[in-house]
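# Understanding the architecture of this molecule
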Amino acid sequence: MIEIKDLSLKYPKTRHNPEVLALKNVSFSLEEGTFLVVVGPSGSGKTSLLRAITGIYPSHGKILINNKDISKIHPSDRNISYVSQEYALYPHLTIFDNIAFPLKAKRAPKEEIIKEVYEVSEALGISHLMNRKPSELSGGQQQRVALARALVKKPSLYLFDEPLSNISVDSREEARNLIKDEIKKRKATSIYVTHDMKEAIQLGDKILVISDGEIKAYGEPNELLSLGIINSFDR
Ligand code: ADP
Ligand code: MG
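Residues numbered from 1 in each chain as written. Chains lettered and ligands numbered in written order. Predicted model: local features only at pLDDT ≥ 70, side-chain atom pairs only at ≥ 80, totals over all residues. Heavy atoms only, no water.

### Examining the side chain of S44
- Here S44 shows up in the loop between β3 (35-39) and α1 (46-54).
- Of the polar contacts made by the side chain of S44, one reaches the backbone oxygen of P41; its length is 2.6 Å.
- Beyond its immediate sequence surroundings of up to four residues, S44 is in contact with A22, I210, S211, D212 and G213. (Helix = DSSP H or I, 4+ residues; strand = E, 2+ residues; numbered from the N terminus. Polar contact = N/O pair within 3.5 Å; in protein donor to acceptor, adjacent residues only side chain to side chain. Contact = heavy atoms within 4.5 Å.)

### Some points on the site of ligand 1
- Near ligand 1 the following residues occur: Y11, V20, A22, P41, S42, G43, S44, G45, K46, T47, S48 and R51.
- A distance of 2.7 Å separates an oxygen atom of ligand 1 from a polar side-chain atom of K46.
- At a separation of 2.8 Å, an oxygen atom of ligand 1 approaches a polar side-chain atom of T47.
- In isolation ligand 1 offers 560 Å² of accessible surface; the protein chains occlude 62% of this area.
- Secondary-structure elements contributing two or more residues to the shell around ligand 1 are β2 (20-30) and α1.
- Sort the elements by how many residues they give to the shell around ligand 1 and α1 lands first, with 4 residues. (Near = heavy atom within 4 Å. Areas by Shrake-Rupley, 256 points an atom, 1.4 Å probe, with all protein chains shown as cover.)

### A look at the pairing of strand β9 (residues 206-211)
- Sheet topology note: the β3/β9 ladder contains 4 bridges and is parallel. What sits directly across from L36, in β9, is K206.
- The hairpin formed by β9 and strand β10 (residues 214-219) contains 2 residues between the paired strands, and D212 there has a positive phi angle of roughly 50°. (Pairing = 2+ DSSP bridges.)

### A word on the environment of S165
- Relative to the elements of secondary structure, S165 occurs in the loop between β7 (157-161) and α5 (169-186).
- Put simply, S165 and N66 are 99 residues apart on the chain and 31 Å apart in space, counted from C-alpha to C-alpha.
- Not counting the four nearest positions on each side in its chain, S165 is found in contact with Q143 and R172.
- Within polar-contact distance, the side chain of S165 engages the side chain of Q143 at 3.3 Å.
- Here E162 takes part through its backbone oxygen, which lies 3.1 Å from a polar atom of the side chain of S165.

### As for the packing of aromatic side chains
- Overall, the coordinates contain 7 aromatic pairs when judged by the stated rule.
- Here the aromatic rings of Y90 and F101 are separated by 4.5 Å at their centres, their planes lie at 40°, and the arrangement is tilted. Remark: F101 occurs in helix α2 (residues 95-105) and Y90 occurs in the loop between β6 (80-83) and α2; sequence separation between them is 11 residues.
- Among the residues examined, Y90 registers a relative accessible area of 30% and is labelled partly exposed.
- Summarising the aromatic geometry, the rings of Y158 and F160 are spaced 6.0 Å apart at their centres and angled 5° between planes, so their arrangement reads as stacked.
- A residue is classified by how much of its surface remains accessible, and Y158, at 1% relative accessible area, is buried.
- Owing to a relative accessible area of 0%, F160 belongs among the buried residues under this scheme.
- Grouped by ring-pair contacts, the aromatic residues F35, Y158, F160 and Y192 constitute a single cluster. (Phe/Tyr/Trp six-rings, centres within 6.5 Å; stacked < 30°, edge-to-face > 60°. Buried < 20%, exposed > 50% of the residue type's maximum accessible area, 1.4 Å probe, protein only.)

Printed below as a string of C-alpha cells:
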C-alpha cells in the first residue's frame, strides 16, 4: 500500500526563471500490486511526482509505503526502482554488467545473477547484446536495457517515466505489454508516467490525471471513460 499525503515540490527562483510550484498538495493512495498510470500534458508535474517519491529532489509531505513514512529516508535506501527519462546507463560497463548492477550491489549469488539477467533480457529481446557497451546500442535498445536493469531489482515500488519514448512506434505496443506482463508476474506496485492517453487506458489498473501540479481525476480507466473525463482520442 502506497499513500501520498499533501506532497508539494517547489523549484526555487533562479536568475532567469521564477519559482515553480510543480506539485501542489498532491494526495492519493494505491493498493499493493496496482499498476497506476499518471497522465498529463508536458510540464504538468509528472516527472516531479516521481522525483519526489524517489527522493532525488526534496519535497514536502508524506510518502508512506506499507505504513512506513519513507520521506526522510535517503533515496538509495527507499527500495524503489526508477527508470528516468534519461535512463543513464553506465558507459564503461557491458550491457550484462549494467543489468546485473543492482543484483551485484545486493551481493546476490553469481548463478542467480546470470539467471535473472538472461531471463529479463530475453523477455525484452536484448539477450544478444550482453557483451556490448551502451554507446554501441540504439536509443531504443538502451531504453530496454534500462528497463531490464529496473526489472531485476524487485523493489517495493517501480517508477517509470515515459519509458517507451525512444522505442520505435512499431515495437512500442509489444514493449508496453512486456512491461505490464513482467510487473504483473511480480505482483509489484508501479507508477508509470506517460503523456499518451491511449497508453494510459491500455496499461492502467488506475489512472491519475495531473494538470498544473494538481490531481484532476483519479480512478479506473472505465470509470473515467464513462464519466467523460478522459477519452481514447486524447493525445
Ligand atoms: P512533466 O514531467 O509533466 O512534463 P515536470 O515535472 O518535468 O513536468 O515539470 C513541472 C514544472 O516544473 C514545469 O513547469 C517545469 O518547467 C518545471 N521544472 C521541471 N524541472 C525543473 C527544474 N529542474 N528546475 C526548475 N523548474 C523545473
Ligand atoms: Mg517529464
